[in-house]
Amino acid sequence: MPSPEDVVAAFARGVRDGSFLAGVVVSMRRILIGYGISLVVGIGLGLAIGRFKLLEDTVGSLVFGLQTIPSICWLPFAILWFGLSESAILFVVVMGALLSIVIATDDGVKNTPPLLIRAGRTMGMRGVTLYARVILPSALPAIVSGMKLGWSFAWRSLMAGELLFVSAGLGHLLTVGRDLNDMSLVIAVMIVIVLVGLVVDRLVFGTAERVIRRRWGFVGARA
Amino acid sequence: MAAFLEITGLSKSYAARNGGGPTAALRDVTLEVAEGEFVCLVGPSGCGKSTLLNVVAGLEASSAGVVRVAGRVISGAGADRGMVFQEAALFPWLNVLKNIELPLRSMGIARAERRERALHFLRMVHLSRFADSYVHELSGGMRQRVAIARALAMDPKILLMDEPFAALDAQTRDILHEELQQIWQEAHKTILFVTHNVREAAYLADRVAIFSSHPGTIKRVLPILYPHPRDKENVQLARAANVILEELRDEVEKAIRGQLGEEWKRPADRLPRSARLDLGRGI
C-alpha cells in the first residue's frame, strides 16, 4: 500500500506530464459517444414501450431481465463481436447505460397523471401531439433520474471496457499502474475517475434536477 | 330556439367486474340545452352525472345514443368542448400563461394572438399578476381560475365543468360563484355544470337536471326562472334549492342504503321546535 505522499506525487506527476489529461480526454470522448447512443436509443425505446402494449409485453420484460446483468458480463460478447476495438468499448458502455434509461423513461410515461392526459384530450390533442406536449414533459423528472443513473453505469462500464486493451483512456492508465506494479499511480487514477464522475454529476445532473424540482414544485414545502 | 347541445337516448354501461351482468351507469338520458344556457346536473354520488359529462366531452364512449353539439354528432374529444375538472389539471412544467396558451398552440393559433387571448382571459379571472407563476405557487382557488381561463381561451362552443369548486373552501367558492356568473354573462357561453351542491346549482343554473341513480336517469328538470345576475341571499333561490333537495332526498337515501344495507335508518327528521314559535296552533 503506498503512502499518501506517494499518491500525491503520482497525482502531480500525472497531471504535469499530461497523461491524466490525455486519458480524461480519450475517456470523455468515448463516454460522450456511448452515453449519447444510450440516451437516444434508451429514451426512444422507453417511450415506445410505455406507449405500445405489444412492445411492453415483449421487449419490456426482456429489458427488466437484462438490467440485472452487470455490464462487465457483456465483455466476452463485445470481444467476440467487435474484437479488441473502439466499438467493443462503446458496446459495453451502451449496454451499461441503456437499460436504466429505458426503464426510467417507461416509468415516467406510465406515471403520467391520467387527469393531465384527459385534460390534453379535451384540448383536442391526440397521438404524437399528446405525447410531445403532455406525456413527455410529465415524464421528464423520471427521465432525468434515469439519465443520471445511466451516466454512473456508463462511467463504470467504460472503466471496465478500457481495461481490455491498450486503449489510452483512464481505465488503460489503471492497467499501466498494475503492470508497473505502481500502486500510487493506480490510486491517483482512481481519484481522477472519482473527480470526473463527481463533476459531471454535480454540474450537469445537479443543475438539471434543481431546475426541474423548482419548476415542478418539489421544493415548494420550503416556501 | 333549436337546441345547441342535444343529448338523445344516451346510455352507458360498464362491463361487469366479477361475472355479473353489465352495470348501467346511464340509461336513456335525453337533455337539450339552448345556446348560452347554464344547466346544472345534480344528483347523489354514483348517479352518472359525471359520466354524462365525460361522454359529452368525448372522454368516454356511450353504449347507445347520440350527442350533438351545434347540430354535429360528436365523436371523441375535441377543442370545441372545453372542460374544467374538479382538480385544476394544470401542467406543472408550464407557467400560468403557457398553460393557457398550450391548447391554443395545438389549435394552430399564431403566437401573437395566443398571447393576446391568454392575457385577455387571465385578466377576466383577475390573475394577470401571476402570468409567470408556476402551478405549485398558486392556491386551489387560483388554480381553478387558471383552468377556467384556459378553457375559455379555447373559445369552445360549450363549457363542461365537473364539480370545479367542490375541493375549495366555502369562502373561495362563494366568490368564484359570483365570478363565474359574471364570466358566463360576459363570454356568452353555454355551460353544462356537474355538482352535488344544490345551493350552487340553484344559484348558477337556468335549469337544473336532477338525476336518480341505478341506473342514472334524469328524474326531473327544474327551471330556475329568476334572472341573472343573482344575489346569494335571495330567498327564492333558497326555496329552489329546497325543492331540489326534496327531490334528491329519496335518491340520497337510496344511495346510502345501497352502500350500507338495510341496517341504515334515516334519523327522525323533526327539528326541535320551540312552542313559542309555533304561531297559530291551537287557535
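Residues numbered from 1 in each chain as written. Chains lettered and ligands numbered in written order. Predicted model: local features only at pLDDT ≥ 70, side-chain atom pairs only at ≥ 80, totals over all residues.

Asks: Can you walk me through unusual backbone geometry in this structure?
Replies: Where the residue is not glycine, phi is negative for most of them; where a peptide bond is considered, it is trans in most cases. Residue and element names in this part refer to chain B. Here the bond from H228 into P229 is cis, since omega is -5 degrees, no more than 30 degrees from zero. Its identity is not glycine, yet A89 carries a phi of approximately 55 degrees, on the positive side. If you trace the backbone, A89 turns up in the loop between strand 6 (81-84) and helix 2 (96-106). Although it is not a glycine, H126 adopts a positive phi angle of roughly 60 degrees. Position of H126 among the secondary structure elements: in the loop between helix 3 (111-124) and helix 4 (140-153). Taking the C-beta count within 10 Å as the criterion, H126 has 12 such neighbours and is therefore assigned exposed. (Helix = DSSP H or I, 4+ residues; strand = E, 2+ residues; numbered from the N terminus. Buried ≥ 20, exposed ≤ 12 C-beta atoms within 10 Å, placed from the backbone.)

Asks: Please explain the packing of helix 8 (residues 170-179) of chain A against helix 9 (residues 183-216) of chain A as it appears in this structure.
Replies: How two helices pack is summed up by the angle between their axes together with the distance between the axes. Residue and element names in this part refer to chain A. Relative to each other, helix 8 and helix 9 sit at 165 degrees, their axes nearing to 8 Å. As far as their axial angle goes, helix 9 and helix 8 are roughly antiparallel. Crossing angle aside, the handedness with which helix 8 passes helix 9 is left-handed. Across the interface between the two elements, L170, L173, L174, V176, G177 and R178 from helix 8 touch L185, V186, V189, V192 and I193 from helix 9. (Axes fitted to C-alpha atoms, helices over the stretch in contact; angles between N-to-C directions. Parallel < 35°, antiparallel > 145°, perpendicular 65-115°, else oblique. Left-handed = near helix turned anticlockwise from the far one by under 90°. Contact = placed C-beta atoms within 7 Å.)

Asks: Help me understand the sheet that holds strand 6 of chain B, please; the structure alone is not making it clear to me.
Replies: Paired through backbone hydrogen bonds, the strands of a sheet run either parallel or antiparallel to each other. Residues and elements named next belong to chain B. Reading across from one edge, 6-7-8-3-9-10 is the order of the six strands in this open sheet, with mixed pairing throughout. Lying at the two open borders of the sheet, with one neighbouring strand each, are strand 6 and strand 10 (217-223). Adjacent strand axes in the sheet meet at a mean angle of 20 degrees when their direction is disregarded. Note: strand 6 against strand 7 (residues 158-162), four bridges, orientation parallel. Opposite G82, over in strand 7, you have L159 as the bridge partner. This element, helix 4, spans strand 6 and strand 7 of the sheet and lies at about 175 degrees to strand 6. (Pairing = 2+ DSSP bridges.)

Asks: Looking at this structure, how should I read the environment of K232(B)?
Replies: Residues and elements named next belong to chain B. Tracing the sequence through the fold places K232 in the loop between strand 10 and helix 7 (235-260). Along the chain, K232 and H177 lie 55 residues apart, while their C-alpha atoms are 9.2 Å from each other. Leave out the neighbours within four places in its chain, and K232 touches D174 and Y203.

Asks: Looking at this structure, I do not really get helix 1 (residues 49-57) of chain B. What am I missing?
Replies: Every α-helix carries 3.6 residues per turn, so stepping three or four residues along brings you back to the same face. Residue and element names in this part refer to chain B. Burial runs high along helix 1: nine of the nine residues are buried. For helix 1, the full list of buried residues reads K49, S50, T51, L52, L53, N54, V55, V56 and A57. Two residues or fewer past helix 1, G58 is found with a positive phi of approximately 90 degrees.

Asks: Can you help me understand the interface of chain B and chain A in this one?
Replies: Often, the extent of an interface is quoted as the loss of accessible area upon association of its parts. At the interface, 22 residues of chain B touch 17 residues of chain A. Its residues assigned to classes, the side of chain B that touches chain A shows 16 nonpolar, four polar and two charged. (Nonpolar A, V, L, I, M, F, W, Y, C, P; charged D, E, K, R; others polar.)

Asks: Before we go on, may I ask you to explain the sheet that holds strand 4 (residues 64-69) of chain B in this structure?
Replies: Residue and element names in this part refer to chain B. Ordered by their spatial adjacency, four strands build an open sheet running 2-1-4-5, and the pairing between neighbours is antiparallel. In the strand order of this sheet, the two ends are held by strand 2 (23-33) and strand 5 (72-73), each with one partner. Pairing between strand 4 and strand 5: two bridges, direction antiparallel. Counterpart to R68 in the pairing with strand 5 is V73.

Asks: Help me out: how do you make sense of the environment of A240(B) in this one?
Replies: Residue and element names in this part refer to chain B. Inspection of the secondary structure puts A240 in helix 7. A residue is classified by how many C-beta atoms lie within 10 Å of it, and A240, with 23 of them, is buried. As for A240 and V208, which are separated by 32 residues in sequence, their C-alpha atoms are 9.9 Å apart.

Asks: How should the packing of helix 7 (residues 127-162) of chain A against helix 8 of chain A be read in this particular structure?
Replies: Residues and elements named next belong to chain A. Relative to each other, helix 7 and helix 8 sit at 45 degrees, their axes nearing to 7 Å. By the angle between their directions, the pair helix 7 and helix 8 is classed as oblique. Considering the relative orientation of helix 7 and helix 8, their crossing is right-handed. On the side of helix 7, the interface is formed by L158, M159, G161 and E162, while helix 8 contributes L170, G171 and H172.

Note that all results are geometric; they support no functional claim without further evidence.
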